[in-house]
Amino acid sequence: MRATTKLTASRLNKLFLAGELSAVEIAEGYLERIAAVDPKVQAYITTTADAALDRARKLDARRKVGDTELGPLAAVPVAIKDNMCTQGIRTTAASRILDNFVPPYDATVVHRLHGAGAIILGKTNLDEFAMGSSTENSGLLQTRNPWDLERVPGGSSGGSAAAVAADLAGISLGSDTGGSIRQPAAFCGVVGLKPTYGAVSRYGLIAFASSLDQIGPIAKDVTDAAALLSIIAGNDRRDATSAPEANKLVNFKLGPDTSLDGLRVGMPKEFFLSQGMDPGVRTAVEQAIAHLASLGATVGECSLPSTEYALDAYYVIAPAEASSNLARFDGVRYGYRTSEYDSLMDMYLKTRQEGFGPEVKRRIMIGTYALSSGYYDAYYKKAMQVRTLVVQDFQNAFNQFDVIVAPTTPTTAFRAGEKVDDPLSMYLADTYTIPVNLAGLPGISIPCGLADGLPVGLQIIGRPFEEATVLRTAYAFEKTTDHHLARPSLS
Ligand code: GLN
């Protein structure tokens, strides 16, 4: 059997359209690899082998009769983070409170994937309700980093990133509220893009913090990430926060140009001064930035003074919104319900006590506290003021620069168990990604080298709806280096 699982999504699609690979052959290759390797990596909560093969057979039949509208992702095997609704397929958010939930509808992104001809392989693991940075908060299973099974894949989209890195999916979808696409992509040595807030519909995404959540692609290279973005982006009347500007990303195509002449690249000095950055991460990122300069970009220093407070503001705003969003999980209409109770209130309390894990409870309590009367002004309002300052800092920086570059994470993948008992040190994993969510900007993480054998991510941040500039910069870097070709040795 050919090693089709190593190919990029774009390549698989080309080979399928050219008749060199059948969709069934592609799907079977992945399903076999999942059966052999996923017991070690544990990226998937649910696999949908029968539906995938059924769909592959239909694609093959359509191609045989010369159908020319098979879609830009025809025969590409995709994995979906398990906080996006899939009709008839269990969707858990990695929480016991939803472990029997089968949605009656597809999220808009899932609907668009079907329309583009993709083959859905299954649903991937995450930190419960996407709260975490290591996927260890999953209430269902522990995903491992394919580069080192003793280490975490990052989170919360750890299953989606590990699946792509371990060749268990051609491409995948994650969601990013404070770093959950970019940070696991960095830890697993793959590409992860968080689009501009409002670029991708969140209809059918199980909400964590609605003013921050975005869905985006995780891929083996920048070309694949751009291809998936162009399918999922676009205005959607089912999501009131989806923006009309999103339509300019629909059918977006990357150009072949690898020159960065005239591009102004800003390095935020506060990020590079920070204490917590591993020396290996620093070296790889500084070399990457020097490489951007060698492609014609001019690199200068910029300042984002409020980012020092961004993490604190995020850990008020995100839990505040979560405490409200998660109020709907009460055992009444869907999901888990406790078996013994003697009143309605008792049912609510026991259901939530038994159904939610510790991190989710911590967030609900912090959020409820921050929103309670008397504390609202002191915490929530202050945090919102910081958020405004973070937005302004980026606006000022973008007056002088076209993109801002930084490490994605301060460290490489840490060991499983290392931070589980210390939530504060876990929260620090998102120091460089959270400001981007607070400002609603697009940000990508691309592989830029290894430190002690583990992948390092370079983050490239752009102006709202300027994904094209972010992707062009990332593409130029990738095409002129070979960091994205480094693969975990997992056999
Ligand atoms: N790690 C961050 C948190 O725990 C971000 C999570 C996310 O982006 N979903 O909230």
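Going by the structure above, here's the rest.
Another point: the packing of aromatic side chains. Counted under the stated rule, the structure contains 14 aromatic pairs. Consider the rings of Y375 and Y379, whose centres lie 6.1 Å apart with planes at 35°: the pair is tilted. Among the aromatic residues, ring-to-ring pairing joins F101, F129, F329, Y334 and F356 into one connected group. If you follow R63 out to its NZ or CZ, it ends over the ring of F16, 5.5 Å from the centre. Between K419 and the ring centre of F414, over which it is positioned, the NZ or CZ distance is 5.0 Å.

Another point: the side chain of T412. When you line up the elements, T412 lands in the loop between strand 9 (403–407) and helix 14 (423–427). Apart from residues lying up to four places away in sequence, T412 is in contact with F187, D278, V281, A451, L454, P455 and V456.

Let us look at the environment of Y309. Looking at the secondary structure, you find Y309 in helix 10 (residues 307–325). Assessed through its relative accessible area of 45%, Y309 is described here as partly exposed.

Side chains of Y369, Y375 and Y379 sit close together on the surface and give an oily, nonpolar patch of about 300 Å² of accessible area. Position of Y369 among the secondary structure elements: in helix 12 (residues 358–371).

Within the secondary structure layout, T124 lies in strand 3 (residues 119–124). A polar side-chain atom of T124 sits 3.4 Å from the main-chain amide nitrogen of K81. If we ignore the near neighbours within four places in the chain, the residues touching T124 are A43, Y44, I45, A79, I80, K81, D82, G159, S160 and A163.

Moving on: the pattern of salt bridges. Pairing between side chains of opposite charge can happen when their charged atoms approach one another. Applying the stated rule across the entire model yields 16 salt bridges. Here R62 and D67 are joined by a salt bridge, their closest N and O atoms 2.8 Å apart. In this structure R62 comes out as partly exposed when scored by relative accessible area, which is 34%. Look at D67 and you get partly exposed, because its relative accessible area is 27%. A salt bridge links E359 to R362; the shortest N-O distance between them is 2.7 Å. Taken together, the residues span about one helical turn, with E359 and R362 both in helix 12 at a distance of three residues. For E359, a relative accessible area of 8% corresponds to the buried category.

Let's shift gears to empty space enclosed by the protein. Within the structure shown, the criterion is met by three cavities of 30 Å³ or more. Taken together, the residues of the lining of the largest cavity sort by class into five nonpolar, five polar and two charged.

The buried count for strand 2 (residues 77–81) comes to five of five residues, which makes it a mostly enclosed element. Here strand 2 shows a buried face lined by P77, A79 and K81 and a second buried face lined by V78 and I80. In this structure, strand 2 lies alongside strand 3, joined through five bridges in parallel fashion. Counterpart to V78 in the pairing with strand 3 is I120. Following the backbone out of strand 2, through helix 4 (residues 108–115) and into the adjacent parallel strand 3, one traces a crossover that is right-handed. For strand 2 and strand 4 (residues 171–176), the ladder comprises three bridges, and the chain directions are parallel.

With that out of the way, let us pick up the packing of helix 10 against helix 13 (residues 376–400). It is the contact of helix 10 with helix 13, at a shortest axis distance of 8 Å, that shows an interaxial angle of 130°. As judged from the angle between their axes, helix 10 and helix 13 are oblique. Crossing hand, helix 10 versus helix 13: left-handed. Touching T307, Y309, A310, A313, V316, I317, A320 and E321 of helix 10 are Y379, Y380, A383, M384, V386, R387, V390 and D393, all from helix 13. Class assignment for the residues of the contact of helix 10 with helix 13 results in twelve nonpolar, one polar and three charged.

What follows is about the site of the ligand. Contacts to the ligand come from 15 residues, most closely from G178, S180, Y314, R363 and D430. Within the backbone of G132, a nitrogen or oxygen atom sits 2.9 Å from an oxygen atom of the ligand. Here an oxygen atom of the ligand sits 3.3 Å away from a polar atom, N or O, in the main chain of G179. For the ligand, the protein covers 100% of the area, taking 290 Å² as the surface of the free molecule. At a threshold of 2 Å from the grid points, most atoms of the ligand map onto the largest cavity.

Rules used throughout
Residues numbered from 1 in each chain as written. Predicted model: local features only at pLDDT ≥ 70, side-chain atom pairs only at ≥ 80, totals over all residues. Heavy atoms only, no water. Phe/Tyr/Trp six-rings, centres within 6.5 Å; stacked < 30°, edge-to-face > 60°. Lys NZ or Arg CZ within 6 Å of the ring centre and 35° of its normal. Helix = DSSP H or I, 4+ residues; strand = E, 2+ residues; numbered from the N terminus. Contact = heavy atoms within 4.5 Å. Buried < 20%, exposed > 50% of the residue type's maximum accessible area, 1.4 Å probe, protein only. Patch = residues over 30% accessible without salt bridge, like charges linked within 9 Å, V, L, I, M, F, W, Y side chains within 5 Å. Areas by Shrake-Rupley, 256 points an atom, 1.4 Å probe, with all protein chains shown as cover. Salt bridge = Lys/Arg side-chain N within 4 Å of Asp/Glu carboxyl O. Polar contact = N/O pair within 3.5 Å; in protein donor to acceptor, adjacent residues only side chain to side chain. 1 Å grid on protein atoms, 1.4 Å probe; cavity = no way out; pocket = protein on both sides within 12 Å on 5 of 7 lines; lining within 4 Å. Points joined across faces, edges and corners; volume = space filled by probe spheres on them. Nonpolar A, V, L, I, M, F, W, Y, C, P; charged D, E, K, R; others polar. Pairing = 2+ DSSP bridges. Right-handed = clockwise from strand over helix to strand, strands pointing away. Axes fitted to C-alpha atoms, helices over the stretch in contact; angles between N-to-C directions. Parallel < 35°, antiparallel > 145°, perpendicular 65-115°, else oblique. Left-handed = near helix turned anticlockwise from the far one by under 90°. Near = heavy atom within 4 Å. Sits in = over half its atoms within 2 Å of the grid points.

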